[in-house]
Amino acid sequence: MEDRFLLWLLCLVSQLYGTTNQARLTVSSSYSQLFEGGFLSLSCEGGGSSAGWTLRRSTTKRQRALCGDGWGKQADSSCTISYIFRRDSGVYWCESREGVNSSTISITVTGGSVILQSPVLPVMEGDDVTLRCKSKTSPSNPQAAFYKDGSLIRNEPTGHMTIHHVSRSDEGLYKCNISPHGESPSSWITVTGKPTTTAPPSTLAPPTTSSPPTTSSPSSASTVLFVSAPLTSPIPSTAMASPSTAPPAVSAPPPLSTHLQLMIRVVCHLVVFCPYFISTALMVSLYRQRPSATAPHTHAVQKLAEDVVIMEVTTEHQL
């Protein structure tokens, strides 16, 4: 019985582990910085099924706010903000009923006249990345200066700059400046490694993530996208946008490790099935006790039969 129980438990664990796929958060904008007054739509995709996934966000005002609770309009596993304000700057993610979180996306909404159009999602190592400096008041692409970690990279007459074959050394805080329109907020550019084609790792330990360095800028705000391995856990905290000073950090949702998620699901199933195992064990125990309980009765019957035989022999002898 113990071997069968262990076999059942191993099968259950393997099935549970196979169903812990995380959802992927998608966003209508391809860039991490938006002008105030725009439109934003987010949705949860994948994870086996989009049912049960909800959208949450953390801002400088509220932490872990659910879509529809003071912000956005919920529709199934999607959330829409028809008119975005600077207060909508924050960290957005999907969350399941079991508390499993997707990776996060950081959005900065600015009331200024210049934004840096940088990828909202991490960039694959070896790919080309194009950064564009866009002015709200100028329809054309004026000359722009691009900076990394506060240092000037170069001036581009076309208003955009391409980084060829990006590597981990290209990670950093980028911003741009269009004279005389002003300077954009800063965005953290993330580079991830390419997926490996070798066999998967033998351990189930979740990979670690590294947080971007903390910087401040007197005239810009920071929107941080995060460094992650090919398979990553939810991303750490980022900073919010404000009109003139570097914003305070906003905490991302508390991550749940794969082991912890697995243990929670196993415990939930055991709580359901434990009564059946307990009742079965009690029945087996009662069944085993039956022979020992009838033993005294059998011994008494044998003794009575011996007495009857002795009495018959004594009667014959007397006769």
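Residues numbered from 1 in each chain as written. Predicted model: local features only at pLDDT ≥ 70, side-chain atom pairs only at ≥ 80, totals over all residues. Heavy atoms only, no water.

*Asks:* Would you mind going over the pairing of strand 16 (residues 172–178) with me for this structure?
*Replies:* Each regular strand shows side chains that alternate between the opposite faces of the sheet. Summarising burial for strand 16: 6 of the 7 residues are buried, a large majority. The pairing of strand 13 (residues 144–148) with strand 16 spans 4 bridges and is classified as antiparallel. Directly across from Tyr147, in strand 16, lies its bridge partner Lys175. Relative to strand 18 (residues 186–189), strand 16 runs antiparallel, the two sharing 3 bridges. When the sheet's bridge partners are listed, Gly172 is paired in strand 18 with Ile189. With 2 bridges joining them, strand 16 and strand 17 (residues 182–183) adopt antiparallel strand pairing. In the sheet register, Asn177 faces strand 17, and the bridge partner there is Glu183. Hairpin connection between strand 16 and strand 17: a loop of 3 residues separates the two successive antiparallel strands. (Buried < 20%, exposed > 50% of the residue type's maximum accessible area, 1.4 Å probe, protein only. Helix = DSSP H or I, 4+ residues; strand = E, 2+ residues; numbered from the N terminus. Pairing = 2+ DSSP bridges.)

*Asks:* Help me understand the sheet that holds strand 2 (residues 33–35) in this model?
*Replies:* The strands making up a sheet associate through hydrogen bonds between their backbones, and the pairing can be parallel or antiparallel. One open sheet accounts for 5 strands, arranged 2-9-8-4-5; its pairing is mixed. Of all the strands in the sheet, the pair left with one neighbour each is strand 2 and strand 5 (65–66). Of the pairings in the sheet, the one linking strand 2 to strand 9 (residues 105–110) comprises 3 bridges and is parallel in character. Bridge pairing links Gln33 to Thr108 in strand 9.

*Asks:* Would you mind going over the packing of aromatic side chains with me for this structure?
*Replies:* Describing an aromatic ring pair means giving the distance of the ring centres and the angle of the ring planes. Overall, the coordinates contain 2 aromatic pairs when judged by the stated rule. Both rings, one in Trp71 and one in Tyr92, keep their centres 5.6 Å apart while their planes meet at 75°; by these two values the pair is edge-to-face. You can see Trp71 sitting in the loop between strand 5 and strand 6 (73–75) and its partner Tyr92 sitting in strand 8 (residues 90–95), a full 21 residues away along the chain. The pair Trp71 / Tyr92 is uniform in exposure class, with both members buried. On the numbers, 4.9 Å between centres and 50° between planes, the contact of Tyr83 with Phe85 is tilted. Over the ring of Phe85 we find Arg87, and its NZ or CZ is 4.3 Å from the ring centre. (Phe/Tyr/Trp six-rings, centres within 6.5 Å; stacked < 30°, edge-to-face > 60°. Lys NZ or Arg CZ within 6 Å of the ring centre and 35° of its normal.)

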